[in-house]
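Inside the fold
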Amino acid sequence: MTDFTKTKAMFDIPAGVIYLDGNSLGPLPKDAPVRVANMLKDEWGEMLISGWNKAGWMEQPTRVGNRIASLIGAEENSVVMGDTLSIKVYQAVASALELNPERKVILSDNGNFPTDLYMTGGLIRSLNDGHQLQTVNPEDVEDAIDDTVAVLLLTEIDYRTGRKHDMKRLTEKAHAAGVITIWDLAHSAGALPVKLSECNADFAIGCTYKYLNGGPGSPAFIYVAPRHADKVRPALSGWLGHDAPFAFDLDYKAGRGIERMRVGTPPVIALTVLETALDIWDMADINDVRTKSIELCDLFIKEVEARCPQLTLDTPRDGAGRGSQVSFQFADGYAAMQALIAHGVVGDFRAPDTMRFGFTPLYIDKTDVLAAVDILENILTNSLWDTAEFKTKSAVT
Ligand SMILES: *Cc1c(COP(=O)(O)O)cnc(C)c1O
């Protein structure tokens, strides 16, 4: 059993704050500042350029990738780190389309995170080969899968509502129709058990600054099923994905397996923070995290519905049908969230009217949930949000 008191003690959360926004940006692992300071002094400072060999910087993207692999049910050496999730969307869609050259449709849903759709649109424009992006309602995805579709691009957990797609069933249906699948795990990795290998997923991508707590801008990951890894052609054919980067050959030859999905120089400092964050995951069992997360979300839903009738639940009630967040709709949700934050409960807001709350058992417990609802109830009952101060929008919501 995971000892959640111990994991909670590993995070640096400011006094008086109940942090329900780990679904957007996980909090700081207490060990990170020292680890990074040591890396800067002992590795960069002392070793200078020899750090690439001596400190293992060059292998870091695959070393860290293997630690992520164990959290998402992926095979050894099937995940590599680098760049941002937006870039990984581009890489995955480009390679997936080449595996299905006769077909032109990329199917997604209109609950997907916009960058996944924007990046796909940009790729389609560059390809200039008649591809089209088709988006349907999330509940209509299954029926829209047919033999015209080249690639199914889905985010498993809806960033706004927390609704969960059935990865296994949709992947099976896609494969039966000859469709290549890409699963975006932005709100899955570290939130619930993912079984990429068992589901036979083709590609997966995700970020590490949400439930994995890698810090702002921490690098993304990409998974390619081992059966495809030596076949896929990288669209972002950078030198570090080359078979022999230091041969400086003028002709590109893709590296072995997942290595070919590397692009350029890895962000060593950011990866060091992420490695520190992943040490906490070594203390946790993702199945325990899931069980506790469902309990916390259920409790939050029950208490809010009983005490805050102004809010409307916008997340599946059934724990198995959602990720690790709960969303409520409220017309003045932006102002209400600002008031909540001012009172120490940090969640976030997604236009037009969604108040989002992420629950991460690694550092959130029942006491936090109940205390957060007390504050929310007070703000709503007394309309404490109804001031000019709380209605002024910031750039990041
Ligand atoms: C958070 C999120 C992103 C963010 O992409 P970045 O390139 O890391 O900014 C993309 N897609 C989904 C589904 C997300 O939830």
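Residues numbered from 1 in each chain as written. Predicted model: local features only at pLDDT ≥ 70, side-chain atom pairs only at ≥ 80, totals over all residues. Heavy atoms only, no water.

A short note on the domain arrangement of the chain
To be explicit about the condition: Domain start and stop points were drawn from an automatic or database domain assignment. Whether two residues are in contact is decided by their heavy atoms: any pair within 4.5 Å suffices. Put simply, buried area is the surface a 1.4 Å probe can reach on two separate parts but cannot reach once they are joined, added for both. For this analysis, a salt bridge means a side-chain nitrogen from Lys or Arg found within 4 Å of a carboxyl oxygen belonging to Asp or Glu. Polar contact is the term for a pair of N or O atoms within 3.5 Å; when the atoms are in protein, one must be able to donate a hydrogen and the other to accept it, and sequence-neighboring residues count only if both atoms are side-chain atoms.
Split into domains, the chain comes out as domain 1 (4–28 + 285–391) and domain 2 (33–281). With 32 residues of domain 1 in contact, the opposing surface of domain 2 contributes 22 residues. For the domain 1 and domain 2 pair, buried surface summed over both sides reaches about 2200 Å², with 63% attributable to carbon and sulfur atoms. Taken together, domain 1 and domain 2 are joined by 0 salt bridges. Summed over the shared surface of domain 1 and domain 2, the number is 10 residue pairs in polar contact (both at pLDDT 80 or more).

Points about the site of the ligand
Short version of the rule: A molecule or strand has a residue near it when one of that residue's heavy atoms lies within 4 Å. Residue burial considers only the protein chains on display, and all accessible areas are found by Shrake-Rupley using a 1.4 Å probe.
Surveying the vicinity of the ligand reveals the residues T84, L85, S86, F113, T115, D116, T155, D184, A186, H187, Y209 and K210. The side chain of S86 places a nitrogen or oxygen atom 2.6 Å from an oxygen atom of the ligand. D116 is positioned with one of its side-chain polar atoms (N or O) 2.8 Å from a nitrogen atom of the ligand. For the ligand, the accessible surface in isolation is 390 Å², of which the surrounding protein chains cover 86%.

Section: the pattern of salt bridges
This is how the line gets drawn: When accessible area is computed with a 1.4 Å probe and restricted to protein chains, residues below 20% of their type maximum are described as buried, those above 50% as exposed, and intermediate ones as partly exposed. The numbering of helices and of strands both runs from the N terminus, where a helix is a DSSP run of H or I of at least 4 residues and a strand a run of E of at least 2.
One pass over the structure, following the stated rule, counts 27 salt bridges. In this structure, K88 engages D83 in a salt bridge whose closest nitrogen and oxygen atoms are separated by 2.8 Å. Judged by relative accessible area, which is 0%, K88 ranks as buried. A salt bridge links E303 to R307, with the nearest nitrogen and oxygen atoms 2.7 Å apart. Of this pair, E303 and R307 both sit in helix α12 (residues 286–307), 4 residues apart, which is roughly one turn of that helix. Linked by salt bridges that have partners in common, K302, E303, R307, D374 and E377 make up one network.

Here's the deal with the environment of A96
By the secondary structure assignment, A96 is in helix α5 (residues 85–98). A96 sits 132 residues away from H228 along the chain, and the two C-alpha atoms are 9.5 Å apart. Once you skip the residues sitting within four places of it in the chain, A96 turns out to touch V151, I180, I182 and F203.

What about the layout of surface pockets?
Quick reminder of the rule: Two kinds of site are reported from a 1 Å grid over the protein atoms alone, namely cavities, where a 1.4 Å probe fits but cannot get out, and pockets, open sets with protein on both sides within 12 Å along at least five of seven lines, and residues are called lining when an atom falls within 4 Å of a point. Grid points are joined across faces, edges and corners, and a volume is the space filled by probe spheres set on the points.
By volume, the largest pocket amounts to about 290 Å³. L85, F113, T115, Y209 and K210 are the residues nearest the centre of the largest pocket, which is lined by 18 residues in total. Looking at the lining of the largest pocket, the elements that each hand over two or more residues are α5 and α6 (114–127). Three or more residues apiece are contributed to the lining of the largest pocket by two domains, here domain 1 (4–28 + 285–391) and domain 2 (33–281).

Some points on the side chain of S78
One can find S78 in the loop between α4 (60–71) and β4 (79–81). Only 2.5 Å separates the side chain of S78 from the backbone oxygen of E75, close enough to count as a polar contact. Dropping the residues within four chain positions of it, S78 is found in contact with N66, I222, Y223, V224, P226 and I258.

A few points about unusual backbone geometry
In the segment running from A351 into P352, the intervening peptide bond is cis, with an omega of 0°. With respect to the helices and strands, the residue P352 is situated in the loop between β14 (348–350) and β15 (354–358). One non-glycine residue with positive phi stands out, namely N77, at about 55°. Note on N77: relative accessible area 49%, which makes it partly exposed. One non-glycine residue with positive phi stands out, namely S383, at about 45°. Structurally, S383 is set in the loop between α14 (366–381) and α15 (388–391). For S383, a relative accessible area of 35% corresponds to the partly exposed category.

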